[in-house]
Amino acid sequence: MTGFVSLFQAAVVFGTVIMFGSVGETITERSGNLNLGVPGIMYLGAIASLAGSFFYENSVENPSPILCVLIALVAAFLASALGGLIFSFLTITLRANQNVTGLTLTIFGSGVANFFGGSLNTLAGGVGQISVASTSAAFRAGLPLISGGSGVFSQLFLNYGWMTYVAILIAILSQWFLSHTRTGLNLRAVGENPATADAAGANVTAYRYLATCIGAGISGMGGLFYVMDYTKGTWANDGTIENLGWLAVALVIFTTWRPKNAIWGAYLFGILYWAYFYIMGLTRASQEIFKMLPYVVTIIVLIMISLRKKRENQPPEGLGLAYFREDR
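An account of the accompanying structure is given in this report. (Residues numbered from 1 in each chain as written. Predicted model: local features only at pLDDT ≥ 70, side-chain atom pairs only at ≥ 80, totals over all residues. Heavy atoms only, no water.)

## Some remarks on the packing of helix α12 (residues 261-274) against helix α14 (residues 293-308)
- In contact at an axis separation of 8 Å, α12 and α14 are set at 130° when each is read in the N-to-C sense. With respect to α14, the axis of α12 lies oblique. The residues of α14 that touch α12, namely those facing Phe269, Leu272 and Tyr273, are Leu293, Pro294, Val297 and Thr298.
- When grouped by side-chain class, the residues that make up the contact of α12 with α14 number six nonpolar, one polar and no charged. (Axes fitted to C-alpha atoms, helices over the stretch in contact; angles between N-to-C directions. Helix = DSSP H or I, 4+ residues; strand = E, 2+ residues; numbered from the N terminus. Parallel < 35°, antiparallel > 145°, perpendicular 65-115°, else oblique. Contact = heavy atoms within 4.5 Å. Nonpolar A, V, L, I, M, F, W, Y, C, P; charged D, E, K, R; others polar.)

## Looking at helix α5 (residues 133-140)
- Inspection of α5 places Thr135, Ser136, Ala138 and Phe139 among the buried residues, and these make up the whole buried set. The buried residues of α5 occupy one face: seen down the axis, they fall within an arc of 160°.
- Contacts from the buried residues of α5 go to α2 (38-57), α3 (65-93), α7 (162-180) and α10 (204-230). (Buried < 20%, exposed > 50% of the residue type's maximum accessible area, 1.4 Å probe, protein only. Arc of directions from axis to C-beta.)

## Thoughts on the side chain of Ser22
- Its location among the elements puts Ser22 in helix α1 (residues 2-30).
- Residues within four places of Ser22 in sequence aside, it is in contact with Ala248, Leu251, Val252 and Ala262.

## Quick look at the packing of aromatic side chains
- For the structure shown, the criterion picks out ten aromatic pairs.
- Pairing Phe254 with Trp264 gives two aromatic rings, centres 5.5 Å apart and planes at 65°, and the pair type is edge-to-face. Residue Phe254 is located in helix α11 (residues 240-254), and its partner Trp264 is located in helix α12; the two are separated by ten residues in the primary sequence.
- Residue Trp264 is classed as partly exposed on the basis of its relative accessible area, which comes to 48%.
- Look at Tyr273 and Trp274: their rings are 5.5 Å apart centre to centre, the planes differ by 80°, and that puts the pair in the edge-to-face class. Here Tyr273 and Trp274 have matching classes, each one buried.
- Pairwise contacts between aromatic rings join Phe14, Tyr273 and Trp274 into one cluster. (Phe/Tyr/Trp six-rings, centres within 6.5 Å; stacked < 30°, edge-to-face > 60°.)

## With respect to the packing of helix α13 (residues 284-291) against α14
- In the contact formed by α13 and α14, the axes pass within 5 Å of each other and the chain directions differ by 40°. In this view, α13 runs oblique relative to α14, as classed from their interaxial angle. Between α13, through Ile289, Phe290 and Lys291, and α14, the contact on the second element is made entirely by Leu293, Pro294 and Tyr295.
- Across the contact of α13 with α14, the residue classes break down as five nonpolar, no polar and one charged.

## Side note on a nonpolar patch on the surface
- Taken together, the side chains of Leu82, Leu85, Ile86, Phe89, Leu90, Leu94 and Phe108 define a hydrophobic patch exposed on the protein surface, amounting to about 600 Å² of accessible area.
- Broken down by element, the nonpolar patch gets its largest block of residues, five residues, from α3.
- In this structure, Leu85 sits in helix α3. (Patch = residues over 30% accessible without salt bridge, like charges linked within 9 Å, V, L, I, M, F, W, Y side chains within 5 Å. Areas by Shrake-Rupley, 256 points an atom, 1.4 Å probe, with all protein chains shown as cover. Salt bridge = Lys/Arg side-chain N within 4 Å of Asp/Glu carboxyl O.)

Printed below as a string of structure tokens:
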């Protein structure tokens, strides 16, 4: 039982990172934009939150936990949304290829983040010396009244940082927005058939810009969660954020473009990814095979979706395609 509890806790924390990335990318793709720059956007959110917190904590004697949280959240969201804005300008306004632009954004985001991460390490006195203890503690704080229990139920479901529950709430609200609001339905129409949506009065450009920027901002929260909760306020140039970003992209397909499915899908990915750590006797090669499981499951789901050909499980018809109003 102890091993299962530890595995589940690791899966929840790991899964929360990719849940943010997946929900944000789902909103983006529902508008018809295929942003493969999610890893880079998560990098931007991570380094912006860490830099903002670092300079704030080092400028005051007694950092306010509320200000620590607000500075990190605002910095992460704005930096990530800026990444989404860059992608939107290149692909919507300049009509650049979305696949190439997204991959370029990933390289750009990782380069910028690792450059400034190295600079922060230098300012702090060396690798691993960055101290944003107040901010990290504020993000790792549990929900009042329900966290801190020692029972199995509390350990499985209640003893996590508050952003874990925020991720679940965002996934639920995103599903409700896309399915039960006029704006959300218009957004889906833009992704399915932009020409028809345009003829019906929807501003395709505005919807795609907003969906991509807001989606990028949500994805960036995954990077923030990674540095503040997962690594407890440190920075390392080990490429983990990029790996998690690609898992988030895979999770979008796995969830069949439904944000609510990202809740259980993210945790399933976490369990599959960390299962090797709790299985005795595995060789190094066997461990690497286990790490492939989330991607293998995604491929299997993609094959099943393709074979069943149910329209509601397919990606938006206009996904990845630039819209030319003159062709309407």
